[in-house]
Amino acid sequence: MSYYSEHAKVWVSVDVIIFGFDEGKLKVLIGRRQMDPGRGEWSLYGGFVGASESIDDCAERTLCELTGLKDLYMQQVGAFGAVDRDPGERVISIAYYALINVNHYDERLRKEHNAEWVDIDALPTLYSDHNDMVRMSLRRMRQKMRTQPIGFRLLPELFTLTQLQKLYEAVGGQEIDKRNFRKRIKEMDFIEKTEFIDKKSSKRGAALYTFNKIMYNDNFKL
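Calculation notes
Residues numbered from 1 in each chain as written. Predicted model: local features only at pLDDT ≥ 70, side-chain atom pairs only at ≥ 80, totals over all residues. Heavy atoms only, no water. Helix = DSSP H or I, 4+ residues; strand = E, 2+ residues; numbered from the N terminus. Buried < 20%, exposed > 50% of the residue type's maximum accessible area, 1.4 Å probe, protein only. Polar contact = N/O pair within 3.5 Å; in protein donor to acceptor, adjacent residues only side chain to side chain. Contact = heavy atoms within 4.5 Å.

Asks: I keep staring at the environment of Met188 and nothing clicks. Help me out?
Replies: Along the chain, Met188 turns up in the loop between helix H5 (178–186) and strand E8 (191–198). Taking relative accessible area as the criterion, Met188 reaches 21% and is therefore assigned partly exposed. Through-space distance from the C-alpha of Met188 to that of Leu126 is 39 Å; in sequence the pair is 62 residues apart.

Asks: Teacher, can you tell me more about the side chain of Asn101 here?
Replies: Tracing the chain through its elements places Asn101 in the loop between strand E6 (91–99) and helix H2 (107–112). Judged by its relative accessible area of 6%, Asn101 falls in the buried class. Within the structure, the side chain of Asn101 is placed 3.1 Å from the backbone oxygen of Leu155, a separation counted as a polar contact. If we ignore the near neighbours within four places in the chain, the residues touching Asn101 are Arg153, Leu154, Leu155 and Pro156.

Asks: Mind showing me how you'd approach unusual backbone geometry here?
Replies: Only a minority of non-glycine residues have a phi that is not negative, and only a minority of peptide bonds are not trans. Look at the link from Asp36 to Pro37: it is a cis peptide, with omega at -5 degrees. Relative to the helices and strands, Pro37 is located in the loop between strand E2 (25–32) and strand E3 (42–43). With a phi close to 55 degrees, Glu23 is a non-glycine residue in the positive phi region. Within the fold, Glu23 resides in the loop between strand E1 (11–22) and E2. Accessibility expressed as a relative area gives 72% for Glu23, which makes it exposed.

Structural data, given as structure tokens:
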């Protein structure tokens, strides 16, 4: 028996907004679209949901195929379903954003997919409503970072306080007072100073810190 035959069929896809942080800048991974319609236009990466997979599974598969990385931080942003959003077919897309450490991304794999890291402030016009997806993802990430330390997923295991401040400034889009920021950091038990020194930034060097996930989970039950 055939069900719902009286209703029109629509396609369901997933698009992933992949954020990275490098050289003090928040970046988004984009590439040239490899299919019609819109071939050659700048685009986010995504794929159609398979008949035997959930939308979360599709998002994780797409992310893994592109980056080669698993168990990344990923959150659903929302559904984009304007009738004319895709000139090819009636397509509803579920957007997710993901955070990755750019140093963990295999350069060979990036080139294989013709992917490019672009500064969030220099993002070109993207295919369809992909710019809207990026803007909404950025808002959601900002909201999340106010209450949870998800930003550490964008940083190396060891980082300086300057790197950490630049990350929060890049995500928030505004400068932060250095003295107030460092005072706030000292009140966070889950950010630990290590015995290591980063000598790349200055002759004197800067102390390196690390994020203690266990300490955070014990205190905040994340």
